[in-house]
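# Reading the structure
Listed here are the chains, written in short residue letters.
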Amino acid sequence: MIQHKIKYNIHNTDKTQTLHLKVNEYTGMYIIHRALLQQLNNKRQGTANTKTRSEVRGGGRKPWKQKGTGRARAGSIRSPLWKGGGIIFGPKYKNYNIKINKKEKNLALSNILYNKVKDTLVITEFKCNQNHPNTKLLLQEINNLGLNSANNKYILIIVNKKEKNLYLSVRNLQNIELISVHQLNIFSLLKAQKLIITSSALNHLNRTYNDD
């Protein structure tokens, strides 16, 4: 495992900010894959369920006698061969949850952040939306960062705390996602083509992923 020191230039200022990340260059992709599988599997409800012949109500009485009717023998109206009967090999409730270590998950997030250094912008804070939500002003501010919000590139905005006005300004935009630094996850980072991180959020990342 290698400790990397990444320097970010804060947009429109002369200041720089440093992020320390522990990265495993040999098994990094494997750890990211495990963490992604864990996130996607834990989202599955697993509630699909069908009833077998023993669970379907009714069918206790034999429909007709075994011999002498000319019809095929039958022991229950809830046989899987009958309409309204049980289901053979149908889906049953299943728990898909996977567990991985906290350090393993943090290492996966660190690897992705390290791989996306060239596509990351650090800003102080968003200046718009302080008084009321305004999607148009937010798009102008994103365009001023050198990112074209109209080219359908997926942009992930990471803030220290979700402000209500900022959230209301972003929620109607299909290719822009807003998350707090506490909600940082594998799927959103992998999906993002550009990252915008606020300075306060970067400080929190430093405290989280540089903890020995």
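Overview of the structure. All values derive from a computational prediction rather than experimental measurement.

### Section: the overall build of the chain
Within the chain, the regular secondary structure consists of 6 helices and 6 strands. At 27 Å, the chain has a C-alpha radius of gyration far larger than the 17 Å of a compact globule built from 212 residues. Taking the principal axes of the C-alpha coordinates as reference, the chain spans close to 95 × 45 × 25 Å. Buried positions account for 39% of the 212 residues belonging to the chain.

### Details of the packing of helix 1 (residues 28–42) against helix 2 (residues 102–115)
Two numbers describe how helix 1 lies on helix 2: the axes approach to 9 Å, and their chain directions differ by 115°. The chirality of how helix 1 crosses helix 2 is left-handed. Residues G28, I31, I32, R34 and A35 of helix 1 form the contact with helix 2, whose own contacting residues are E104, L107, A108, N111, I112 and N115. A class-by-class count of the residues in the contact of helix 1 with helix 2 yields 6 nonpolar, 3 polar and 2 charged.

### Concerning the environment of G59
Within the fold, G59 resides in the loop between helix 1 and helix 2. Owing to a relative accessible area of 19%, G59 belongs among the buried residues under this scheme. On a C-alpha basis, the gap between G59 and G85 in space is 8.6 Å, while along the polypeptide they are 26 residues apart. Residues in contact with G59, not counting those within four places in the same chain, are G75, S76, I77 and R78.

### Things to note about helix 2
Its 14 residues give helix 2 an end-to-end C-alpha distance of 20 Å, which sits within 8% of 20 Å, the value for a rise of 1.5 Å per residue. Residues of helix 2 that are buried: E104, L107, A108, L109, S110, N111, I112 and L113.

### Thoughts on the pairing of strand 4 (residues 155–159)
Burial within strand 4 is extensive, with 5 of its 5 residues counted as buried. Where burial is concerned, the two faces of strand 4 agree: the one with I155, I157 and V159 and the one with L156 and I158 are both buried. As paired elements, strand 4 and strand 5 (residues 176–180) share 5 bridges and run parallel to each other. Bridge pairing links I157 to L178 in strand 5. What joins strand 4 to strand 5 is helix 4 (residues 164–170), and the crossover it makes is right-handed. The pairing of strand 4 with strand 6 (residues 194–198) spans 4 bridges and is parallel. In the sheet register, I158 faces strand 6, and the bridge partner there is I197.

### Re the nonpolar core
Membership of the largest hydrophobic core comes to 31 residues, with the highest contact counts inside it found for L113, I158, L184, L189 and L205. Elements with a minimum of two residues in this core: strand 1 (2–9), strand 2 (16–23), helix 1, helix 2, strand 4, helix 5 (186–191), strand 6 and helix 6 (199–209). Here the element with the most residues in this core is helix 2; it accounts for 5 residues. Counting residues in hydrophobic clusters, the runner-up holds 15 residues, among them L147, L173, L178 and I196.

### A few points about the packing of aromatic side chains
By convention here, two paired aromatic rings are described through the distance between centres and the angle between planes. As enumerated under the stated definition, the model contains 1 aromatic pair in all. Both rings, one in W64 and one in W82, keep their centres 5.8 Å apart while their planes meet at 35°; by these two values the pair is tilted. A residue pair is termed long-range when its members are at least 10 positions apart, and W64 in the loop between helix 1 and helix 2 and W82 in the loop between helix 1 and helix 2 qualify at 18 residues. Sitting over the face of the ring of Y96, R44 holds its NZ or CZ atom 3.7 Å from the ring centroid. Residue placement shows R71 over the ring face of W64; its charged tip is 4.0 Å from the ring centre.

The rules behind each value
- Residues numbered from 1 in each chain as written.
- Predicted model: local features only at pLDDT ≥ 70, side-chain atom pairs only at ≥ 80, totals over all residues.
- Heavy atoms only, no water.
- Helix = DSSP H or I, 4+ residues; strand = E, 2+ residues; numbered from the N terminus.
- Rg over C-alpha atoms; globule rule 2.2 N^0.38 Å.
- Buried < 20%, exposed > 50% of the residue type's maximum accessible area, 1.4 Å probe, protein only.
- Axes fitted to C-alpha atoms, helices over the stretch in contact; angles between N-to-C directions.
- Left-handed = near helix turned anticlockwise from the far one by under 90°.
- Contact = heavy atoms within 4.5 Å.
- Nonpolar A, V, L, I, M, F, W, Y, C, P; charged D, E, K, R; others polar.
- Expected span 1.5 Å × (residues − 1).
- Pairing = 2+ DSSP bridges.
- Right-handed = clockwise from strand over helix to strand, strands pointing away.
- Core = buried A, V, L, I, M, F, W, Y, C linked by side-chain atoms within 4.5 Å.
- Phe/Tyr/Trp six-rings, centres within 6.5 Å; stacked < 30°, edge-to-face > 60°.
- Lys NZ or Arg CZ within 6 Å of the ring centre and 35° of its normal.

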